[in-house]
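Each chain, written out:
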Amino acid sequence: MNSYGSFPGARPRRLRTTPALRRMVAETRLHPADLILPAFVREGITEPVPIQAMPGVVQHTRDTLRKAAVEALEAGVSGIMLFGVPEDAKKDGAGTAGTDPDGILQVAIRDVKAEVGDELVIMSDLCLDEFTDHGHCGVLDADGRVDNDATLERYAEMAQVQADAGVHVVGPSGMMDGQVGVIRDALDTIGKEDVSILAYTAKYSSAFYGPFREAVGSSLKGDRKTYQQDPANLRESMRELALDLEEGADMVMVKPAGPYLDVLAKVAASVDVPVAAYQISGEYSMVEAAAEKGWIDRDKAILETLTGIRRAGAQMILTYWATEAAQKLSGGR
């Protein structure tokens, strides 16, 4: 008691006094089912190849990818997003390895489908950047610019071969105008109406993609600023969102996640379809690097970043920590 009587009468700290009480009143909860594991599979290797810029992440062999899928399933993770890394000799200007039914990504889809069936949602990156010798997300015109409409034709083919391989969800990540509509038509034309589209609706031209370039063996020359979004813009994302929904997107995504939580929150508040966010390579590597230096508590930082993304409105989070985080959330190792 003090000279002001019972002041302060409102004491929010009462609800923070014990771990059990804090857990009971938590407004945001992370669950293993919220998580999706991005995974890289590389052609022509017999052992997993560590990605130096992403400690703990590897380019998988076909065998270790199957094991990773099973491990994710057992941890309660909802999905796995597959990225194929072809042999350098198979890269060309049109990214033809990306539409080869026997290309590494299609082979990986079939491998994972044979291993886990429909128990884990199998997703695939639908983009040409891993398969082109110039590293861009589409084919180039005579002046070296990405040709939007010619690229859409390649995306249509890519969607069909991925669907034939057994994928549940395709993730067009190239930010070409009209890509969702063209892919939807291509899938429906071959009777794959049940294959869903996770639209990379707001994919920003970010400095945080750096480690990913190593992960996929990127051959990129230049940058992607003419087709990925400018980090300064928000209204532009909402326009992209309206177009993707009009074209038939089943789910939408914001990428990167952490630096764009405001975009994520606005998108989540504006739609009635599921919303995903991709915690990208640079976000992952910053935490791992700081933890290695002893500057932050790694495990707490991982869960805090994921909780922040979930709180901002993401129902699904693509994260390289998916399996590990799911195990921790379930009280496992």
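Anyway, here's the lowdown on the structure attached to this text.

Calculation rules
- Residues numbered from 1 in each chain as written.
- Predicted model: local features only at pLDDT ≥ 70, side-chain atom pairs only at ≥ 80, totals over all residues.
- Heavy atoms only, no water.
- Core = buried A, V, L, I, M, F, W, Y, C linked by side-chain atoms within 4.5 Å.
- Buried < 20%, exposed > 50% of the residue type's maximum accessible area, 1.4 Å probe, protein only.
- Contact = heavy atoms within 4.5 Å.
- Salt bridge = Lys/Arg side-chain N within 4 Å of Asp/Glu carboxyl O.
- Helix = DSSP H or I, 4+ residues; strand = E, 2+ residues; numbered from the N terminus.
- Patch = residues over 30% accessible without salt bridge, like charges linked within 9 Å, V, L, I, M, F, W, Y side chains within 5 Å.
- Areas by Shrake-Rupley, 256 points an atom, 1.4 Å probe, with all protein chains shown as cover.
- Axes fitted to C-alpha atoms, helices over the stretch in contact; angles between N-to-C directions.
- Parallel < 35°, antiparallel > 145°, perpendicular 65-115°, else oblique.
- Left-handed = near helix turned anticlockwise from the far one by under 90°.

### With respect to the nonpolar core
By size, the foremost hydrophobic cluster in this structure holds 93 residues, and its most contacted members are Ile80, Leu82 and Tyr155. Here Tyr155 is in contact with Leu126, Cys127, Leu128, Cys137, Gly174, Met176, Gln179 and Ile183, once residues within four sequence places are set aside.

### Regarding the pattern of salt bridges
Evaluated as defined, the whole model comprises 18 salt bridges. Note that Arg62 is salt-bridged to Asp111, the shortest N-O span being 2.6 Å. On the criterion of sequence distance, the pair formed by Arg62 in helix 2 (residues 62-75) and Asp111 in helix 3 (residues 104-116) is long-range, its members being 49 residues apart. Among the ionic pairs, Glu324 bridges to Arg298, the shortest N-O distance being 2.7 Å. With a gap of 26 residues between them, Glu324 in helix 11 (residues 322-329) and Arg298 in helix 10 (residues 298-311) connect regions that are remote in the sequence. Looking at Glu324, the relative accessible area reads 23%, which means it is partly exposed. Given a relative accessible area of 23%, Arg298 falls into the partly exposed group. Within the structure, one salt-bridge network assembled from shared partners comprises Glu288, Arg298, Asp299, Glu324 and Lys328.

### Observations concerning a nonpolar patch on the surface
Among the surface-exposed residues, Leu15, Met24 and Val25 lie close enough to one another that they form a single nonpolar patch of about 290 Å² accessible area. Note on placement: Val25 falls in the loop between helix 1 (19-24) and strand 1 (35-42).

### Let's talk about the packing of helix 2 against helix 11
The geometry of helix 2 relative to helix 11 is characterised by a closest axis approach of 9 Å and an angle of 30 degrees between their N-to-C directions. Relative to helix 11, the element helix 2 is oriented roughly parallel. Viewed along their axes, helix 2 and helix 11 form a crossing whose handedness is left-handed. Along the contact surface, helix 2 presents Glu71, Ala72 and Ala75, while helix 11 presents Thr323, Ala326 and Gln327.

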